[in-house]
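Each chain is listed here by its residues.
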Amino acid sequence: NAGVMQNPRHLVRRRGQEARLRCSPMKGHSHVYWYRQLPEEGLKFMVYLQKENIIDESGMPKERFSAEFPKEGPSILRIQQVVRGDSAAYFCASSRTVNSNQPQHFGDGTRLSIL
Amino acid sequence: KNEVEQSPQNLTAQEGEFITINCSYSVGISALHWLQQHPGGGIVSLFMLSSGKKKHGRLIATINIQEKHSSLHITASHPRDSAVYICAVESYNTDKLIFGTGTRLQVFP
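The rules behind each value
Residues numbered from 1 in each chain as written. Chains lettered and ligands numbered in written order. Predicted model: local features only at pLDDT ≥ 70, side-chain atom pairs only at ≥ 80, totals over all residues. Heavy atoms only, no water. Contact = heavy atoms within 4.5 Å. Buried area = accessible area lost by both parts, 1.4 Å probe. Salt bridge = Lys/Arg side-chain N within 4 Å of Asp/Glu carboxyl O. Polar contact = N/O pair within 3.5 Å; in protein donor to acceptor, adjacent residues only side chain to side chain. Helix = DSSP H or I, 4+ residues; strand = E, 2+ residues; numbered from the N terminus. Nonpolar A, V, L, I, M, F, W, Y, C, P; charged D, E, K, R; others polar. Phe/Tyr/Trp six-rings, centres within 6.5 Å; stacked < 30°, edge-to-face > 60°. Buried < 20%, exposed > 50% of the residue type's maximum accessible area, 1.4 Å probe, protein only. Disulfide = S-S within 2.5 Å.

Asks: Go over the interface of chain A and chain B with me, naming the residues and quoting the values.
Replies: Taken together, the 23 residues of chain A in the interface contact 18 residues of chain B. Between chain A and chain B, the buried area comes to about 1,600 Å², and carbon and sulfur atoms account for 57% of it. Put simply, chain A and chain B have one salt bridge between them. Put simply, D56 of chain A and K96 of chain B hold a salt bridge, and the shortest N to O gap is 3.9 Å. Applying the counting rule to chain A against chain B returns two residue pairs in polar contact (both at pLDDT 80 or more). Going through the elements one at a time, β4 (31-37) and β5 (43-50) of chain A are the ones with two or more residues in the side of chain A that touches chain B. For the side of chain A that touches chain B, the element with the most residues is β5 of chain A, which contributes four residues. In terms of residue class, the side of chain A that touches chain B is built from nine nonpolar, eight polar and six charged.

Asks: How would you sum up the packing of aromatic side chains? Please name residues and give values.
Replies: Scanning the model with the defined rule gives five aromatic pairs over all chains in all. Arranged with centres 6.1 Å apart and planes meeting at 65 degrees, the rings of Y35 of chain A and F45 of chain A form a pair that is edge-to-face. Residue Y35 of chain A is found in strand β4, and its partner F45 of chain A is found in strand β5; the two are separated by 10 residues along the sequence. A ring pair is formed by Y35 of chain A and F99 of chain B, whose centres lie 5.1 Å apart and whose planes are at 85 degrees; its orientation type is edge-to-face. Of this pair, Y35 of chain A sits in strand β4 while F99 of chain B sits in strand β10 (residues 97-99), each in a different chain. The class for Y35 of chain A is buried, based on a relative accessible area of 0%. Since its relative accessible area comes to 9%, F99 of chain B is described here as buried. Feature note: the residues Y33, Y35, F45, Y48 and F106 of chain A together with F99 of chain B constitute an aromatic cluster, connected by ring pairs.

Asks: Describe the state of the cysteines, with residues and values.
Replies: Residue and element names in this part refer to chain A. Evaluated as defined, the whole model comprises two disulfides over all chains. Here C23 is linked by a disulfide to C92, with a sulfur-sulfur distance of 1.8 Å. One quick way to see it: the torsion about the S-S bond of C23 and C92 is about -55 degrees, and its sign makes the bridge left-handed. Placement of C23 in strand β3 (residues 19-24) and of C92 in strand β9 (residues 88-95) is noted, with a sequence separation of 69 residues between them. The exposure class assigned to C23 is buried, which follows from its relative accessible area of 0%.

Asks: Let's hear about unusual backbone geometry: which residues, and what values?
Replies: Residues N7 of chain A and P8 of chain A are joined by a peptide bond in cis, for which omega reads 0 degrees. Along the chain, the position of P8 of chain A falls in the loop between β1 (5-7) and β2 (10-13). Note the cis peptide between S7 of chain B and P8 of chain B, where omega equals -5 degrees. Position of P8 of chain B among the secondary structure elements: in the loop between β1 (4-7) and β2 (10-14). In this structure, E52 of chain A takes a positive phi of about 70 degrees despite not being glycine. Looking at where E52 of chain A falls in the secondary structure, it is placed in the loop between β5 and β6 (53-56).

Asks: Hey, could you go over the pattern of salt bridges for me, with residue numbers and the actual values?
Replies: Residues and elements named next belong to chain A. The full count for this structure, using the stated rule, is six salt bridges over all chains. Put simply, E18 and R20 hold a salt bridge, and the shortest N to O gap is 2.8 Å. Classification of R20 by relative accessible area gives partly exposed; the value is 36%. Between R78 and E18 there is a salt bridge, with the nearest N and O atoms lying 2.9 Å from each other. Pair noted here: R78 is in strand β8 (residues 75-79) and E18 is in the loop between β2 and β3, with a separation of 60 residues, a long-range link. Judged by relative accessible area, R78 falls into the partly exposed class, the value being 27%. One network of salt bridges, with partners in common, ties together E18, R20 and R78.

Below, the structure written as structure tokens:
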């Protein structure tokens, strides 16, 4: 029973390139959350998705960042025209429902480095 | 002021010591989480609680809803407990987690 799977574990991009981060939630989980951890900072919420819907994107930067969770396949966090400040660890979490009895399960994260 | 405050920020201990990490929050919550993160590693959920106390092995988590405060205790600490411990709350009217900045714990043999 695999947990939340994120890939790649490490991603290196040059400034101006695109970064695509993937997250496969746990089996049976239809809620996905993306969080960002900047160097030496705490985790910050980015976006919450259910299948085919963005529920809350209040933590997403207004430009260059987008997220999707299609009917089939993993959730994707996409960063266009990356800049040095995008270097961070990006964590995905999933849950079965949103009531307080259902914890979020975290993936191991993708460490994005921008050269 | 952050909505979730943790103390201390850094903590060192000798193996075997009893450790307490504190978390205070200022928003209405539906649940509080304690998470563990090893350097360069993923995040492991230790506890999710909305009232009272939970125990798992040498770890104990308590929450006082009226005082908006939670504590994580580690009994008989061990060097392998060295990690960052993060408190996070589920805000009552949203589904997203709000995180504290973490407590970096180092346990020396």
